[in-house]
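# Architecture at a glance
For reference, the chains in residue letters:
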Amino acid sequence: MTQQKDKVWFITGTSRGFGRVWAEAALARGDKVAATARKLESIADLKDQYGEQVLTVALDVTKPDQVKEAVTAAHAHFGRLDIVLNNAGYSLVGTIEEASPADIRALYETNILGPVAVIQAALPLLREQGYGHILGTSSNLGHVTMPVIGYYCSSKWAFEAIHESLAAEVAPFGIQVTIIEPGAYATEFGSQESLKFAQGMEVYTDFKAKFVDSLKTMERGDPAATSQALFKMIDAEQPPLRFNLGSHNLSGTRAAYAQRLAIWEAWDEVSRAAQGEPK
């Protein structure tokens, strides 16, 4: 492992949560950061504290033209981009039946199409450099699901598939890809600004109340503890495609895949019969 310092980051969603934690930690270790947020005033203090080390940019990831301008401006300002970190996102709270098409589209505009816009804007610049590391903040819910936030989970499953395909496509250009998969952490992700609520239906009231109660007892990690782990990963010569954050993810994912494999294997004879005669 080689410890490379003075990296240049482009990070979306730095007003709070992991985006804020990682932007501050990167700046504190001497890296340079293009920090973006919808409201510039929410990250103005970064400029006050770190001066020329940081570039603050107003960015709504659902606006592709603004995304391209922001990425281009950051590259021009610092002369290069070493790390492009898609972190902006939110969760839609509501059952599958409750969420409206408008709710679902808005979620995917931010959680899927926004990161894709950033990637598509950055790739020509990274290819020209001949290197770069694209990071995407997913979740352990990119492998498992929970009720009531099923559409959020679905956005992370799509996010994972996009990045896995991307990794194969850009490897010949010297560009690396890592999907960051945090478990439950005590960030502002559960705040009103990070959640949107579908219009409720009375039939699900009790079910959702029990679900919310179950979350109150969930153990949450310390967001500040993630920064050093993140730095070890990005400084590695061969960073992983998938990178868990937290102590509970692997056991849950292992159990979920064991259950899937057991079901597939139980039905394998029927499945094989569906192949028919070779054509």
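What comes next is a walk through the structure. (Residues numbered from 1 in each chain as written. Predicted model: local features only at pLDDT ≥ 70, side-chain atom pairs only at ≥ 80, totals over all residues. Heavy atoms only, no water.)

The next point concerns helix α3 (residues 64-78). Across its 15 residues, α3 extends 21 Å between first and last C-alpha, which sits within 8% of the 21 Å expected from 1.5 Å per residue. Inspection of α3 places Val67, Ala70, Val71, Ala74, His75 and Phe78 among the buried residues, and these make up the whole buried set. Projected down its long axis, α3 carries its buried residues within an arc of 125°, all on one side. Opposite its buried face, α3 presents the exposed residues Asp65, Lys68, Glu69 and Ala76, each directed more than 90 degrees away. On its buried side, α3 packs onto β1 (8-11), β2 (32-37), β3 (54-58) and α4 (101-129). In the stretch just after α3, Gly79 is the one whose phi turns positive, near 90°. (Helix = DSSP H or I, 4+ residues; strand = E, 2+ residues; numbered from the N terminus. Expected span 1.5 Å × (residues − 1). Buried < 20%, exposed > 50% of the residue type's maximum accessible area, 1.4 Å probe, protein only. Arc of directions from axis to C-beta. Contact = heavy atoms within 4.5 Å.)

This brings us to helix α8 (residues 249-266). Here α8 is 18 residues long and its end C-alpha atoms lie 26 Å apart, about the 26 Å a rise of 1.5 Å per residue gives. Residues Asn249, Thr253 and Ala256 constitute the buried set of α8. Down the axis of α8, the sector holding all buried residues measures 65°, keeping them to one side. More than 90 degrees from the buried face of α8, the exposed residues found are Arg254, Gln259, Glu265 and Ala266. On its buried face, α8 sits against β7 (175-182) and β9 (242-245).

Evaluation of the coordinates by the stated rule reveals 13 salt bridges. The partner of Arg20 in a salt bridge is Glu24, with the nearest N and O atoms 2.9 Å apart. Here the residue Arg20 and the residue Glu24 both occupy positions in helix α1 (residues 17-28), the gap between them amounting to four residues, near one helical turn. Judged by relative accessible area, Arg20 falls into the buried class, the value being 14%. Taking the relative accessible area as the measure of exposure, Glu24 reaches 30% and is therefore partly exposed. The salt bridge involving Arg38 is made with Asp60; its shortest N-O contact spans 3.4 Å. Of the two residues, Arg38 sits in the loop between β2 and α2 (44-50) while Asp60 sits in the loop between β3 and α3, which places them 22 residues apart along the sequence. (Salt bridge = Lys/Arg side-chain N within 4 Å of Asp/Glu carboxyl O.)

Further remarks concern the pairing of strand β6 (residues 132-137). Counting buried residues along β6, six of its six residues qualify, which places the element largely inside the surrounding structure. A two-sided burial pattern is seen for β6, the buried positions comprising Gly132, Ile134 and Gly136 on one face and His133, Leu135 and Thr137 on the other. Bridge count between strand β4 (residues 83-86) and β6: four bridges; the pairing is parallel. Of the residues in β6, the one forming a bridge with Val84 is Ile134. (Pairing = 2+ DSSP bridges.)

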